[in-house]
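The lines below spell out each chain.
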Amino acid sequence: MTPEEDPHLALGAYVLYALSPAEEAAFENHLAGCEQCHREAVGLLETTARLGAAVPSVPVTAQARARTLHAVTHTRQDRVPHRPRAPGRRVLRLALAASIAAAAVLGGIAVRQHVEADDARTRAVRAEQQARTAGAAITEILTAPDATVHTGSLAGGITAAVVVSRDQARAVFAAYGLPALTGGKVYELWYAAETGDVRSAGLVTGSAPNGSHVLKGSPADAVAVGITVEPAGGSPQPTTEPLGVIPIAT
């Protein structure tokens, strides 16, 4: 049975824009009076949109693009070969499935790009807010009336300093000349008590370790600040020899 014999069969081709102008006009006349075809057409469009939003992006390789363009340039588009037995609903169903899959891929790429752009903007805003907060804290500690400056040298002759405000129960570590670490390593700061106990004072974060960093926790019971190289994420206790120890006892 052909679309001429059964106009319902033209629904898939109509959704795919595969009908000739005359066939399209004829089917639209049928569509105006066929509630079933109207519901199916709306449903197919909604399904395509949902699939496009749900399917993750699929990268298209340069080789696949080249093969597609080659096939297009070598395929005649002027007429459709006549077949003795029209495949009917099966061909339309397969064509519709291919169209939905293509729309899903393109929709998935657009959604993925939008989400990635939003994530990048969120990370940038968060990083700016953190930088502003850290900068304000450093300024408060450095300008505190009771601030004391303690300097020392780290391995390799690197100069470092710790500024302590006992009233604010905070401290700032600064170093210039620390090399950037690779291989999943990070600098970690430590408070050392008079008893010899040590506790983490936070990580020196960022790709450029040089500069000022607010130490984590209060320096109230600390007599020195040390720095070590630890695995990414830090360690509960030092796992390497300290690069240096700066006394901060008054």
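Residues numbered from 1 in each chain as written. Predicted model: local features only at pLDDT ≥ 70, side-chain atom pairs only at ≥ 80, totals over all residues. Heavy atoms only, no water.

### Topic: helix H2 (residues 21-33)
Working step 1: With 13 residues, H2 should cover 18 Å at 1.5 Å per step; its first-to-last C-alpha distance of 19 Å lies within 8% of that length.
Working step 2: Within H2, the full set of buried residues consists of Phe27, His30 and Leu31. Each buried residue of H2 lies within a common arc of 105° when the element is viewed along its axis, so the set occupies one face. In this structure, H2 carries Pro21, Ala22, Asn29, Ala32 and Gly33 as exposed residues pointing more than 90 degrees from its buried face. (Helix = DSSP H or I, 4+ residues; strand = E, 2+ residues; numbered from the N terminus. Expected span 1.5 Å × (residues − 1). Buried < 20%, exposed > 50% of the residue type's maximum accessible area, 1.4 Å probe, protein only. Arc of directions from axis to C-beta.)

### Here we look at the sheet that holds strand E6 (residues 211-214)
Working step 1: Read across the open sheet, the four strands follow the order E1-E2-E3-E6; overall the sheet is antiparallel. At either margin of the open sheet sits one strand with a lone partner, and together these are strand E1 (148-154) and E6. The sheet shows a mean angle of 20° between the axes of neighbouring strands, direction not considered.
Working step 2: Direction of pairing for strand E2 (residues 158-165) relative to strand E3 (residues 170-176): antiparallel, over a ladder of seven bridges. The residue of E3 that forms the bridge with Val163 is Val172. (Pairing = 2+ DSSP bridges. Axes fitted to C-alpha atoms, helices over the stretch in contact; angles between N-to-C directions.)

### Things to note about the sheet that holds strand E4 (residues 185-193)
Working step 1: Pairing is antiparallel across the open sheet formed by four strands, whose spatial order is E5-E4-E7-E8. Pairing within the sheet leaves two strands with one partner each, and these edge strands are strand E5 (198-204) and strand E8 (244-247). The mean inter-strand angle of the sheet, taken between neighbouring strand axes irrespective of direction, is 25°.
Working step 2: Bridge analysis of E4 against strand E7 (residues 222-231) gives nine bridges, and the strand direction is antiparallel. In the sheet register, Ala193 faces E7, and the bridge partner there is Ala222.

### Some details on the pattern of salt bridges
Working step 1: Here the structure, examined in full by the defined rule, presents two salt bridges.
Working step 2: One salt bridge connects Arg170 with Glu140, and the closest N-O pair in it is separated by 2.8 Å. A residue pair is termed long-range when its members are at least 10 positions apart, and Arg170 in strand E3 and Glu140 in helix H5 (residues 89-142) qualify at 30 residues.
Working step 3: Relative accessible area serves as the criterion here: at 23%, Arg170 is assigned to the partly exposed category.
Working step 4: Note that Arg199 is salt-bridged to Asp221, the shortest N-O span being 2.8 Å. Taken together, the positions of Arg199 in strand E5 and Asp221 in the loop between E6 and E7 put the pair 22 residues apart, joining distant regions of the chain.
Working step 5: A residue is classified by how much of its surface remains accessible, and Arg199, at 31% relative accessible area, is partly exposed.
Working step 6: Of the residues examined, Asp221 reaches a relative accessible area of 44% and is grouped as partly exposed. (Salt bridge = Lys/Arg side-chain N within 4 Å of Asp/Glu carboxyl O.)

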